[in-house]
Amino acid sequence: MAIKRSMASYWNGSAFVDITNPDGTSAIISAEWEDVLGTPAFLVLRINNAAPSPLDASTASVRDGPFTGTFTDFMPIRLIDSVSKLVYFFGVVYDVKEKYEQGMGMILDLECR
């Protein structure tokens, strides 16, 4: 699957919101998707969560990253092809891990089923 064509979206309670960078491109760094007959589909999304101003202490969204605190357990999420709108995955978030990686900055790893 081409990451540039893939778009992840989360349900905010009234509509699906695309997970995008400030410039409007997909914030997906990588997506590992597993779908085996007879078992639930499994998706691990790695999302860019780089802070626009990490040294600014005024607000948490500027300091911590745009998606810090956005994802909760059992939040509906989907992965689609942004051109054809084909749904690759639809499920819920089971685990959120926020971490720092050298050369990448802050990232979020979402485990979804």
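Residues numbered from 1 in each chain as written. Predicted model: local features only at pLDDT ≥ 70, side-chain atom pairs only at ≥ 80, totals over all residues. Heavy atoms only, no water.

### Details of the side chain of Asn 21
Piece 1. Among the structural elements, Asn 21 can be located in the loop between strand E2 (16-18) and strand E3 (28-34).
Piece 2. Looking at Asn 21, its side chain comes within polar contact range of the main-chain oxygen of Ser 26, at 3.2 Å.
Piece 3. Only 3.2 Å separates the side chain of Asn 21 from the side chain of Asn 48, close enough to count as a polar contact.
Piece 4. In contact with Asn 21, other than residues within four places in its own chain, are Ser 26, Ala 27 and Asn 48. (Helix = DSSP H or I, 4+ residues; strand = E, 2+ residues; numbered from the N terminus. Polar contact = N/O pair within 3.5 Å; in protein donor to acceptor, adjacent residues only side chain to side chain. Contact = heavy atoms within 4.5 Å.)

### Description of the pattern of salt bridges
Piece 1. Tallied over the entire structure, the rule returns six salt bridges.
Piece 2. In this structure, the salt-bridge partner of Glu 101 is Arg 46, at a minimum N-O distance of 2.9 Å. Here the residue Glu 101 occupies a position in strand E6 (residues 87-101), and Arg 46 occupies one in strand E4 (residues 42-48), the gap between them amounting to 55 residues.
Piece 3. The shortest N-O distance in the salt bridge between Asp 95 and Lys 97 comes to 3.7 Å.
Piece 4. Sharing partners across several salt bridges, the network here consists of Arg 46, Lys 99, Glu 101 and Asp 109. (Salt bridge = Lys/Arg side-chain N within 4 Å of Asp/Glu carboxyl O.)

### Thoughts on the sheet that holds E4
Piece 1. Within the open sheet, the seven strands sit side by side as E2-E1-E5-E6-E7-E4-E3. Their pairing is antiparallel. Bordering the open sheet on either side are E2 and E3, each of which pairs with just one other strand. Ignoring strand direction, the axes of neighbouring strands in this sheet form an average angle of 30 degrees.
Piece 2. Bridge count for E3 against E4 is six bridges, and the pairing is antiparallel. Bridging across to E4, Glu 34 finds its partner in Phe 42. (Pairing = 2+ DSSP bridges. Axes fitted to C-alpha atoms, helices over the stretch in contact; angles between N-to-C directions.)

### Details of the pairing of strand E7 (residues 105-112)
Each regular strand shows side chains that alternate between the opposite faces of the sheet.
Piece 1. The element E7 is largely enclosed, with a buried count of six among its eight residues.
Piece 2. Pairing of E4 with E7 involves six bridges; the strand directions are antiparallel. Pairing of Arg 46 across the sheet is with Asp 109, part of E7.
Piece 3. Note that E6 and E7 share eight bridges and pair antiparallel. Opposite Val 96, over in E7, you have Leu 110 as the bridge partner.
Piece 4. What sits between E6 and E7 in their antiparallel hairpin is a turn of three residues, with Gly 103 showing a positive phi close to 85 degrees. (Buried < 20%, exposed > 50% of the residue type's maximum accessible area, 1.4 Å probe, protein only.)

Interpretation in functional terms is not warranted from these geometric data alone.
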